[in-house]
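Overview (structure and organization)
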Amino acid sequence: MGTQEKTESLISLKLVLFLFYGGLGALYCTLTPHMEQIGLNYEESRLILIFAPLVSIVGPLIAGPLADRIASKTLSGKYLRILAALALICSAIMYSLLLIVPLLERSPARRPLVSFGCDSSGAIIFQERCTDEKTCFHWKDEKQGSLILTNCSYTCQNPTQFENLYNPWTKGSPIPPTETSKERSDDYGDYEDSAQNEYATSNERGKREIERIYVEPPHLCTKIVNENGDEVINKCHVYTEDSKELKVQATLRSATNQENDTHSAEWCNYPLDGWKCNIPKQQASWMKLYMNNSKCKPMVECEVFDPYDSPGSVLADSQCIKIVGDIDATLTSYFVIRLLAEMFPTAAVTLLNAAIIIATRETSTGRGDVGRQLAFGSLGWATFPFILGMCGIQGELLWPVVIFAVSMILAAMILIVAQSMPVSPPEWWWHTKSGMLAIPMSAIRKYGPEIAAITVVAVVLGVFWSIIDSYQMWKLTDLHVKDYENGHYALKFSFAVLALPSILLLWNSERLVDYCGHSNILMVAFTLYVIRYYGLALVEEPLCTLFFNALEPITLSISWVTLMLYMRHLMPRRLTATGQAIPVIAFFGVGKSLGAIIGYVDTNNVAGSFQSLYVSCSIAAAVVAALYFLLYHFCLAPRCAAQPQPPPTPSELQGHVNGGHNGNSNGNYSPLRVYHNGMSRKGQFRY
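Residues numbered from 1 in each chain as written. Predicted model: local features only at pLDDT ≥ 70, side-chain atom pairs only at ≥ 80, totals over all residues. Heavy atoms only, no water.

Concerning the packing of helix H5 (residues 78-96) against helix H10 (residues 398-417)
Across the interface, H5 lies against H10 with an axial gap of 8 Å and an inter-helix angle of 165°. Here H5 is positioned roughly antiparallel relative to H10, judged by the angle of their axes. Taken as a pair, H5 and H10 cross one another with a handedness that is left-handed. Along its contact with H5, which presents Arg 81, Ile 82, Ala 84, Ala 85, Leu 88, Ile 89, Ser 91, Ala 92, Tyr 95 and Ser 96, the element H10 presents Val 401, Phe 404, Ala 405, Met 408, Ile 409, Ala 411, Ala 412, Leu 415, Ile 416 and Val 417. Classifying every residue of the contact of H5 with H10 by side-chain character gives 17 nonpolar, two polar and one charged. (Axes fitted to C-alpha atoms, helices over the stretch in contact; angles between N-to-C directions. Helix = DSSP H or I, 4+ residues; strand = E, 2+ residues; numbered from the N terminus. Parallel < 35°, antiparallel > 145°, perpendicular 65-115°, else oblique. Left-handed = near helix turned anticlockwise from the far one by under 90°. Contact = heavy atoms within 4.5 Å. Nonpolar A, V, L, I, M, F, W, Y, C, P; charged D, E, K, R; others polar.)

Some points on helix H14 (residues 509-516)
In an α-helix, one turn spans 3.6 residues, which is why side chains three or four residues apart end up on the same side. Buried residues of H14: Ser 509, Glu 510, Val 513 and Asp 514, and no others. Take H14 and look down its axis: the buried residues cluster within an arc of 125°, on one side only. Those residues of H14 that are exposed and angled more than 90 degrees off the buried face are Arg 511 and Tyr 515. Gly 517 occupies a position one or two residues after H14 and carries a positive phi of about 100°. (Buried < 20%, exposed > 50% of the residue type's maximum accessible area, 1.4 Å probe, protein only. Arc of directions from axis to C-beta.)

Notes on the environment of Leu 594
Looking at where Leu 594 falls in the secondary structure, it is placed in helix H18 (residues 576-598). For the pair Leu 594 and Leu 54, spaced 540 residues apart in sequence, the C-alpha to C-alpha distance is 9.2 Å. Ignoring sequence-local partners within four residues, the contact set of Leu 594 consists of Val 459 and Val 463.

Here's the deal with the nonpolar core
Ranked by internal contacts, the top residues of the largest apolar core, which has 118 residues, are Phe 20, Tyr 334, Ile 454, Leu 461 and Tyr 614. Setting aside anything within four residues of it in sequence, one finds Leu 461 in contact with Leu 522, Ala 525, Phe 526, Tyr 529, Ser 559, Leu 563 and Phe 587. Judged by nonpolar contacts, the second largest core, of 36 residues, contains Leu 147, Leu 252, Ala 255 and Tyr 308. (Core = buried A, V, L, I, M, F, W, Y, C linked by side-chain atoms within 4.5 Å.)

Remarks on empty space enclosed by the protein
Where empty space is left becomes clear once a probe the size of a water molecule has been rolled over the atoms. One pass over the full model with this rule turns up seven cavities of 30 Å³ or more. Of the pockets and cavities examined, the largest cavity occupies roughly 630 Å³. Lining the largest cavity are 28 residues, and of these Tyr 21, Leu 24, Trp 381, Leu 556 and Phe 588 lie nearest its centre. Listed by contribution, the elements that provide at least two residues to the lining of the largest cavity are helix H2 (11-37), helix H8 (343-359), helix H9 (370-390), helix H13 (484-507), helix H17 (552-570) and H18. Of the residues belonging to the lining of the largest cavity, the class tally is 19 nonpolar, five polar and four charged. (1 Å grid on protein atoms, 1.4 Å probe; cavity = no way out; pocket = protein on both sides within 12 Å on 5 of 7 lines; lining within 4 Å. Points joined across faces, edges and corners; volume = space filled by probe spheres on them.)

Describing the packing of H14 against H17
One can describe the packing of H14 onto H17 by two numbers: an axis separation of 11 Å at closest approach and a directional angle of 70°. Taken together, the axes of H14 and H17 are roughly perpendicular relative to one another. Crossing hand, H14 versus H17: right-handed. Where H14 abuts H17, its residues Ser 509, Glu 510 and Val 513 lie against Val 561, Thr 562, Leu 565 and Arg 568. When its residues are assigned to classes, the contact of H14 with H17 shows three nonpolar, two polar and two charged.

What to know about the pairing of strand S10 (residues 246-252)
Most of S10 is tucked away: five of the seven residues are buried. Pairing of strand S4 (residues 143-156) with S10 involves seven bridges; the strand directions are antiparallel. Looking across to S10, one finds that Ser 146 is bridged to Gln 249. (Pairing = 2+ DSSP bridges.)

Remarks on the pattern of salt bridges
Inspection of the entire model under this criterion finds five salt bridges. Here Glu 43 makes a salt bridge to Arg 46, at a shortest N to O gap of 3.0 Å. A residue pair is termed a helical-turn pair when its members lie 3 or 4 positions apart in one helix, as Glu 43 and Arg 46 do in helix H3 (residues 42-56) at three residues. When its relative accessible area of 34% is taken as the criterion, Glu 43 is described as partly exposed. Here Arg 46 falls in the partly exposed class, since its relative accessible area comes to 21%. (Salt bridge = Lys/Arg side-chain N within 4 Å of Asp/Glu carboxyl O.)

Things to note about the state of the cysteines
The full count for this structure, using the stated rule, is three disulfides. Disulfide partner of Cys 118: Cys 277, at an S-S distance of 2.0 Å. Measuring the twist about the S-S bond at about 95°, one finds the Cys 118-Cys 277 disulfide to be right-handed. Residue Cys 118 is found in strand S2 (residues 114-119), and its partner Cys 277 is found in the loop between strand S12 (275-276) and helix H6 (281-291); the two are separated by 159 residues along the sequence. Judged on exposure class, the residue Cys 118 and its partner Cys 277 are both buried. (Disulfide = S-S within 2.5 Å.)

Structure (structure tokens):
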């Protein structure tokens, strides 16, 4: 195949890659905002971000081996084009189904009033009821977390109005007596002895003989069950006038009251496990007399500070949210459609990567221009989201899905009709474009440890990428970027700008990788993650954050093309598609899912939570880069490096020309580790 003919035949492949990655970029930048738009909250979105990548590995697991199996039985490359076209069409159909997911409307959260009450029978949280129906929360399981208590005092149970009725010295009347009172020692142990003489009776209030009693500050005690099964006091928290905040751990149970049960129909009662608060008799009597109410229920009552936003608050999930729609229907339908849809783009990536490897006809003596094909995909990935943002299409899923579906269908049509696309089975590659021969030199099992090692590296790179990528939306919210869609598309705009150097990088990627070595390039990728995470952790300005996030095209492109090229050399030609499925599964499947798990932070309760996460990730990336350097240069490289081989003899060369096998071959295909002779300066790959 001449150079001009080969270049012309690859135009269709470049156009397919441009449309595929362009449509995928338009859709991908809208999927996370769309989850919020249809009513899914942060926790529900997190489940999708974790499980969708895991399910997506089914696509490469099927597509890779299937393509290689069909390739062994056909002389035509039509099979690969048809499989890729089917994957693109299925992607368009499945993601279009997201438009039929029913919307779920959640009104802005209302913060109901909360108070804490405790007596000898236990503790309870009083919370204002939610919604017009005055419903209470009835959880299936208990909730554990913390409470910050403040302004604790003795009072009668009245959650609607906090009344501080604690006075260190109780008297027999709320009105100062006219008779002389005798004071008692403020020793806590004396107050019970005087309980029987609390108040003297008299027909005239002003003539009572009063004994002034010291009452201890409120004690909030927790109890446990000892070895004998008896409840005993574990520890007590004393709230004095100098106390400001008291942070305690609490176990919150489901509401005990029915809709019209309790002294106040406007408040819900949530019991707390393991609490006991004793009310001094003098304080109880004084409050009843002061309130002129014999039915007053004495308690230790506290205000709850920041009940919904404090870190780890047990009440964080009990805000009042008015919901219109069916939560289960929306979540289940979106979850199922999204998980099924995720399988097809990953399958398409696997097949298109195999098509690139085959179409460029790379062999050991010449570069196959793999990076130049991927550069067109990177151009589409940057261009389509930028156009959407410039046209003001923000947040809505309709137009991104339409663009994605049209792009996938056009790319599929090109694959079907482009019969000149050189994607014939790998077994027909034996002759290079320079006329030299590729000589099999070793079996795949020799490179098994190296394949396993690069797979682990791909997983770790996927983790570092996903930690940032999965939660960009909530990171912008954490930085108080109120108009998220504008901030999100500003991020995509910066992607487009910084995609230019990544395109140049991809255009010359094979020369760069050959010169620097695959592993050294991957170490650089880890180093770039150190810089990104460190910058995101230190800088709180939204625009600077956008810059560090927008380094993604560089970190993603440099790592992905290296993984792709590395696996191209390690796997035998008859397993080209399977070899390309491995990094897809490791990076976009396992790594992305693990990254979504690690990258989760409690955005409602932890201020600046992303900063602490990114500091940890920066340190982790630095450690991984250092370990990779040491393990590779001192352990992997000496063991995995191919042993030097003598040049082939004339009879061996003649045997390959005539029959495709040397004299010692049994006729079976053996994996390709190629010999480089002095006729070419190319192909001296560094791993």
